[in-house]
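Each chain, letter by letter, is given below.
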Amino acid sequence: MRFLLPIPLFLLCTQLAFAGQSYIRQYSAALEQSEWQLRHNTPLRCEISHPIPGFGEAVFHSEAGKELNLWFELKMLQQPDAYALAEVLSLPPRWRPGEQPRAITNMRLLKQFDGDLPKESAWAMLHELERGYQPTFYFSDWYRPDNKVVASLNPVQFPTVYREFSQCMSMLLPYRFDDIAFTVLSYEVGGDQLTRESRRRLAAIAEYLKHDDAIEVVQIQGHTDTYGGRWMNEQLSIRRAEKVKSFFVEAGLPEHRIEVEGFGQRRNVAPNQRVQDRAINRRVVVQMNRP
(Lines give C-alpha, C1' and ligand atoms only; values in the text may rest on other atoms or scores of the structure.)
Protein backbone atom coordinates (compact mmCIF):
# COMPACT_ATOMS: atom_id res chain seq x y z
CA MET A 1 0.00 0.00 0.00
CA ARG A 2 1.50 3.32 -1.09
CA PHE A 3 0.82 6.74 0.45
CA LEU A 4 1.48 10.32 -0.49
CA LEU A 5 4.76 11.59 0.91
CA PRO A 6 5.95 15.11 1.71
CA ILE A 7 7.80 16.79 -1.12
CA PRO A 8 11.37 16.26 0.19
CA LEU A 9 10.90 12.49 0.47
CA PHE A 10 9.32 12.36 -2.99
CA LEU A 11 12.28 14.24 -4.43
CA LEU A 12 14.72 11.95 -2.65
CA CYS A 13 13.03 8.86 -4.05
CA THR A 14 13.00 10.39 -7.53
CA GLN A 15 16.72 11.13 -7.32
CA LEU A 16 17.49 7.63 -6.11
CA ALA A 17 15.38 6.02 -8.82
CA PHE A 18 16.95 8.15 -11.54
CA ALA A 19 20.47 7.47 -10.29
CA GLY A 20 20.15 3.71 -10.09
CA GLN A 21 17.16 3.04 -12.39
CA SER A 22 15.54 1.34 -9.38
CA TYR A 23 11.95 0.77 -8.46
CA ILE A 24 11.08 2.53 -5.18
CA ARG A 25 8.55 1.20 -2.69
CA GLN A 26 7.55 4.08 -0.43
CA TYR A 27 5.84 3.81 2.96
CA SER A 28 4.73 6.70 5.14
CA ALA A 29 1.62 7.86 6.93
CA ALA A 30 -0.15 10.69 5.14
CA LEU A 31 -0.58 13.91 7.10
CA GLU A 32 -4.11 13.04 8.20
CA GLN A 33 -3.04 9.48 9.10
CA SER A 34 -0.02 10.35 11.23
CA GLU A 35 -0.60 8.90 14.67
CA TRP A 36 1.67 8.81 17.71
CA GLN A 37 0.60 6.92 20.84
CA LEU A 38 1.96 6.77 24.38
CA ARG A 39 1.43 3.04 24.77
CA HIS A 40 3.14 2.48 28.13
CA ASN A 41 3.26 5.10 30.86
CA THR A 42 4.39 3.53 34.15
CA PRO A 43 7.40 3.82 36.48
CA LEU A 44 8.66 0.58 34.90
CA ARG A 45 8.32 1.30 31.18
CA CYS A 46 7.66 4.21 28.83
CA GLU A 47 6.83 3.57 25.18
CA ILE A 48 5.59 5.55 22.18
CA SER A 49 4.68 4.06 18.82
CA HIS A 50 3.97 5.28 15.31
CA PRO A 51 2.28 3.08 12.66
CA ILE A 52 3.78 3.11 9.16
CA PRO A 53 0.85 1.94 6.99
CA GLY A 54 1.65 -1.07 4.85
CA PHE A 55 5.11 -1.44 6.39
CA GLY A 56 4.95 -1.87 10.16
CA GLU A 57 5.52 0.24 13.24
CA ALA A 58 8.19 2.45 14.80
CA VAL A 59 8.64 2.15 18.57
CA PHE A 60 10.72 4.10 21.09
CA HIS A 61 10.89 2.74 24.64
CA SER A 62 12.76 3.23 27.89
CA GLU A 63 12.72 1.07 31.04
CA ALA A 64 13.40 1.45 34.75
CA GLY A 65 17.06 1.07 35.68
CA LYS A 66 20.09 2.62 37.29
CA GLU A 67 21.03 4.46 34.08
CA LEU A 68 18.92 6.32 31.55
CA ASN A 69 18.24 4.03 28.61
CA LEU A 70 16.42 4.28 25.30
CA TRP A 71 15.85 1.89 22.40
CA PHE A 72 14.30 2.16 18.97
CA GLU A 73 12.64 -0.74 17.17
CA LEU A 74 11.48 -0.87 13.57
CA LYS A 75 8.84 -3.60 13.59
CA MET A 76 8.20 -4.81 10.05
CA LEU A 77 5.21 -6.71 8.70
CA GLN A 78 7.67 -8.62 6.52
CA GLN A 79 10.89 -9.25 8.39
CA PRO A 80 14.15 -9.43 6.44
CA ASP A 81 14.92 -12.72 4.72
CA ALA A 82 18.62 -11.90 4.49
CA TYR A 83 21.23 -9.64 6.01
CA ALA A 84 20.92 -6.02 4.87
CA LEU A 85 21.98 -2.53 5.86
CA ALA A 86 19.50 0.33 6.08
CA GLU A 87 20.63 3.92 5.78
CA VAL A 88 18.84 6.19 8.27
CA LEU A 89 18.37 9.72 6.95
CA SER A 90 16.75 12.86 8.32
CA LEU A 91 14.62 14.52 5.65
CA PRO A 92 13.73 18.22 5.96
CA PRO A 93 10.09 19.35 6.07
CA ARG A 94 8.50 20.89 3.00
CA TRP A 95 8.86 24.39 4.48
CA ARG A 96 12.66 23.99 4.21
CA PRO A 97 13.02 23.74 0.40
CA GLY A 98 16.50 23.11 -0.89
CA GLU A 99 17.83 21.61 2.33
CA GLN A 100 19.57 18.29 1.80
CA PRO A 101 18.84 15.07 3.73
CA ARG A 102 21.27 14.38 6.57
CA ALA A 103 22.65 10.99 7.58
CA ILE A 104 21.79 9.82 11.12
CA THR A 105 23.26 6.32 11.20
CA ASN A 106 23.14 2.89 9.57
CA MET A 107 20.93 0.11 10.92
CA ARG A 108 21.71 -3.57 10.52
CA LEU A 109 18.83 -5.75 9.33
CA LEU A 110 19.20 -9.38 10.38
CA LYS A 111 17.32 -12.33 8.92
CA GLN A 112 13.91 -12.82 10.59
CA PHE A 113 14.51 -9.98 13.07
CA ASP A 114 13.09 -6.48 13.36
CA GLY A 115 15.49 -3.59 13.09
CA ASP A 116 16.72 -1.80 16.19
CA LEU A 117 18.98 1.08 17.18
CA PRO A 118 20.82 1.90 20.43
CA LYS A 119 20.40 4.92 22.68
CA GLU A 120 22.53 7.47 20.82
CA SER A 121 20.82 6.90 17.46
CA ALA A 122 17.37 6.72 19.05
CA TRP A 123 17.95 10.09 20.75
CA ALA A 124 19.07 11.56 17.44
CA MET A 125 15.86 10.39 15.77
CA LEU A 126 13.72 11.86 18.55
CA HIS A 127 15.56 15.16 18.19
CA GLU A 128 14.92 15.22 14.44
CA LEU A 129 11.22 14.46 14.93
CA GLU A 130 10.98 17.24 17.52
CA ARG A 131 12.38 19.66 14.95
CA GLY A 132 9.75 18.56 12.41
CA TYR A 133 12.12 16.41 10.32
CA GLN A 134 11.45 12.90 9.04
CA PRO A 135 13.71 10.00 10.08
CA THR A 136 13.67 7.74 7.03
CA PHE A 137 14.97 4.23 6.37
CA TYR A 138 16.35 3.40 2.95
CA PHE A 139 17.45 -0.11 2.03
CA SER A 140 17.46 -2.67 -0.77
CA ASP A 141 14.73 -5.30 -1.07
CA TRP A 142 16.18 -8.67 0.01
CA TYR A 143 14.34 -10.41 -2.86
CA ARG A 144 15.08 -7.81 -5.53
CA PRO A 145 18.29 -5.94 -4.69
CA ASP A 146 17.66 -3.54 -7.58
CA ASN A 147 14.43 -2.43 -5.86
CA LYS A 148 14.58 0.03 -2.99
CA VAL A 149 12.41 0.38 0.10
CA VAL A 150 11.84 3.76 1.76
CA ALA A 151 9.99 3.91 5.09
CA SER A 152 9.49 7.23 6.82
CA LEU A 153 8.29 8.52 10.22
CA ASN A 154 5.87 11.43 10.07
CA PRO A 155 6.48 14.15 12.72
CA VAL A 156 2.86 15.36 12.64
CA GLN A 157 1.24 14.89 16.09
CA PHE A 158 4.64 14.02 17.57
CA PRO A 159 5.39 17.00 19.92
CA THR A 160 2.49 16.43 22.35
CA VAL A 161 3.15 12.71 22.74
CA TYR A 162 6.88 13.33 23.05
CA ARG A 163 6.29 15.67 26.01
CA GLU A 164 4.27 12.95 27.71
CA PHE A 165 6.99 10.40 26.90
CA SER A 166 9.66 12.66 28.38
CA GLN A 167 7.58 13.15 31.53
CA CYS A 168 7.16 9.38 31.84
CA MET A 169 10.91 8.83 31.50
CA SER A 170 11.56 11.31 34.30
CA MET A 171 9.40 9.15 36.61
CA LEU A 172 11.05 5.78 35.86
CA LEU A 173 12.29 3.92 38.91
CA PRO A 174 16.10 3.95 39.30
CA TYR A 175 16.18 0.15 39.58
CA ARG A 176 14.76 -2.83 37.71
CA PHE A 177 13.56 -6.32 38.58
CA ASP A 178 17.03 -7.91 38.52
CA ASP A 179 18.28 -5.30 41.00
CA ILE A 180 15.80 -6.29 43.70
CA ALA A 181 14.73 -9.85 42.80
CA PHE A 182 17.01 -11.22 45.53
CA THR A 183 17.38 -8.96 48.55
CA VAL A 184 18.83 -9.48 52.03
CA LEU A 185 17.42 -7.24 54.77
CA SER A 186 19.40 -6.72 57.99
CA TYR A 187 18.13 -6.19 61.55
CA GLU A 188 19.11 -4.37 64.69
CA VAL A 189 20.03 -6.49 67.71
CA GLY A 190 17.35 -8.51 69.50
CA GLY A 191 14.15 -7.57 67.73
CA ASP A 192 12.29 -7.12 64.45
CA GLN A 193 13.51 -3.59 63.70
CA LEU A 194 15.23 -3.27 60.32
CA THR A 195 18.38 -1.23 59.88
CA ARG A 196 17.96 2.16 58.22
CA GLU A 197 19.43 0.96 54.92
CA SER A 198 17.17 -2.11 54.89
CA ARG A 199 14.11 0.05 55.51
CA ARG A 200 14.98 2.08 52.42
CA ARG A 201 15.51 -1.12 50.47
CA LEU A 202 12.17 -2.54 51.60
CA ALA A 203 10.38 0.64 50.53
CA ALA A 204 11.99 0.37 47.09
CA ILE A 205 10.80 -3.23 46.70
CA ALA A 206 7.26 -2.29 47.75
CA GLU A 207 7.20 0.56 45.22
CA TYR A 208 8.28 -1.82 42.45
CA LEU A 209 5.65 -4.40 43.40
CA LYS A 210 2.91 -1.80 42.91
CA HIS A 211 3.62 -1.68 39.20
CA ASP A 212 4.74 -5.18 38.15
CA ASP A 213 1.72 -7.47 37.73
CA ALA A 214 3.94 -10.28 36.45
CA ILE A 215 5.30 -11.16 39.91
CA GLU A 216 4.06 -14.70 40.61
CA VAL A 217 5.35 -15.23 44.13
CA VAL A 218 7.39 -13.43 46.77
CA GLN A 219 9.28 -15.71 49.14
CA ILE A 220 10.22 -14.26 52.55
CA GLN A 221 12.62 -16.22 54.75
CA GLY A 222 13.53 -15.09 58.26
CA HIS A 223 16.83 -15.93 60.01
CA THR A 224 18.53 -15.11 63.34
CA ASP A 225 21.90 -15.46 65.03
CA THR A 226 22.44 -18.13 67.72
CA TYR A 227 21.79 -15.92 70.76
CA GLY A 228 18.51 -16.29 72.65
CA GLY A 229 17.64 -19.99 72.40
CA ARG A 230 16.59 -22.13 69.45
CA TRP A 231 12.80 -21.92 69.94
CA MET A 232 12.83 -18.19 70.65
CA ASN A 233 14.98 -17.56 67.60
CA GLU A 234 12.63 -19.54 65.38
CA GLN A 235 9.69 -17.47 66.60
CA LEU A 236 11.67 -14.28 66.10
CA SER A 237 12.56 -15.24 62.53
CA ILE A 238 8.89 -15.91 61.77
CA ARG A 239 7.88 -12.59 63.31
CA ARG A 240 10.44 -10.75 61.21
CA ALA A 241 9.25 -12.43 58.02
CA GLU A 242 5.58 -11.82 58.83
CA LYS A 243 6.27 -8.15 59.44
CA VAL A 244 7.82 -7.84 55.99
CA LYS A 245 4.82 -9.66 54.52
CA SER A 246 2.45 -7.19 56.20
CA PHE A 247 4.40 -4.32 54.68
CA PHE A 248 3.99 -5.79 51.18
CA VAL A 249 0.29 -6.48 51.67
CA GLU A 250 -0.27 -2.88 52.77
CA ALA A 251 1.55 -1.81 49.60
CA GLY A 252 -1.02 -3.70 47.52
CA LEU A 253 0.56 -7.11 46.86
CA PRO A 254 -2.06 -9.90 47.11
CA GLU A 255 -1.49 -12.00 50.21
CA HIS A 256 -1.82 -15.30 48.36
CA ARG A 257 1.31 -14.48 46.34
CA ILE A 258 3.49 -14.24 49.45
CA GLU A 259 5.17 -17.24 51.08
CA VAL A 260 6.66 -16.89 54.60
CA GLU A 261 9.07 -19.20 56.42
CA GLY A 262 11.19 -18.82 59.55
CA PHE A 263 14.44 -20.78 59.96
CA GLY A 264 15.67 -19.31 63.21
CA GLN A 265 19.38 -20.06 63.67
CA ARG A 266 19.43 -23.17 61.47
CA ARG A 267 20.91 -21.54 58.38
CA ASN A 268 23.62 -19.19 59.60
CA VAL A 269 25.89 -17.87 56.87
CA ALA A 270 28.64 -16.62 59.23
CA PRO A 271 30.14 -17.61 62.62
CA ASN A 272 28.49 -16.10 65.70
CA GLN A 273 31.60 -15.23 67.71
CA ARG A 274 31.97 -11.67 66.42
CA VAL A 275 29.46 -8.84 66.47
CA GLN A 276 29.89 -8.25 62.73
CA ASP A 277 29.18 -11.89 61.91
CA ARG A 278 26.09 -12.04 64.09
CA ALA A 279 24.75 -8.99 62.27
CA ILE A 280 25.07 -10.91 58.99
CA ASN A 281 23.03 -13.80 60.37
CA ARG A 282 20.20 -11.51 61.55
CA ARG A 283 18.46 -11.22 58.22
CA VAL A 284 15.34 -11.70 56.11
CA VAL A 285 15.80 -12.88 52.53
CA VAL A 286 13.24 -11.64 50.00
CA GLN A 287 13.14 -13.45 46.67
CA MET A 288 10.71 -12.57 43.86
CA ASN A 289 9.82 -14.82 40.94
CA ARG A 290 8.07 -14.13 37.68
CA PRO A 291 7.83 -15.88 34.30
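The preceding data block contains the structure.
Residues numbered from 1 in each chain as written. Predicted model: local features only at pLDDT ≥ 70, side-chain atom pairs only at ≥ 80, totals over all residues. Heavy atoms only, no water.

A. Spotlight on unusual backbone geometry. With phi around 60°, Gln112 is a residue other than glycine that occupies positive phi space. Structurally, the position occupied by Gln112 is in the loop between strand 7 (102–109) and strand 8 (115–117). For Gln112, a relative accessible area of 44% corresponds to the partly exposed category. Located in the positive-phi region is Gln157, a residue other than glycine, with phi close to 75°. (Helix = DSSP H or I, 4+ residues; strand = E, 2+ residues; numbered from the N terminus. Buried < 20%, exposed > 50% of the residue type's maximum accessible area, 1.4 Å probe, protein only.)

B. Representation of the sheet that holds strand 14 (residues 283–289). Spatial strand order, 11-14-12-13: four strands in an open sheet with mixed pairing. At either end of the open sheet lies a strand with only one pairing partner, and these are strand 11 (182–186) and strand 13 (258–262). The average undirected angle you get between the axes of adjacent strands in this sheet is 15°. Taken together, the five bridges between strand 11 and strand 14 define a ladder with antiparallel strand orientation. Within the sheet, the bridge partner assigned to Phe182 lies in strand 14 and is Gln287. Across the face of the sheet, helix 5 (residues 196–209) comes into contact with strand 11, strand 12 (217–223) and strand 14 while running at roughly 145° to strand 11. (Pairing = 2+ DSSP bridges. Axes fitted to C-alpha atoms, helices over the stretch in contact; angles between N-to-C directions. Contact = heavy atoms within 4.5 Å.)

C. Main features of the packing of helix 5 against helix 6 (residues 230–250). Closest axis-to-axis distance for the helix 5/helix 6 pair is 9 Å, and the angle between their directions is 40°. The angle between the axes of helix 5 and helix 6 places the two elements in the oblique class. At the point where helix 5 passes helix 6, the crossing takes the right-handed sense. Between helix 5 and helix 6, the residues in contact are Leu202, Ala203, Ile205, Ala206 and Leu209 and Val244, Phe247 and Phe248, respectively. Considering only residue class, the contact of helix 5 with helix 6 consists of eight nonpolar, no polar and no charged. (Parallel < 35°, antiparallel > 145°, perpendicular 65-115°, else oblique. Left-handed = near helix turned anticlockwise from the far one by under 90°. Nonpolar A, V, L, I, M, F, W, Y, C, P; charged D, E, K, R; others polar.)

The values reported here are purely geometric and, on their own, carry no functional implication.
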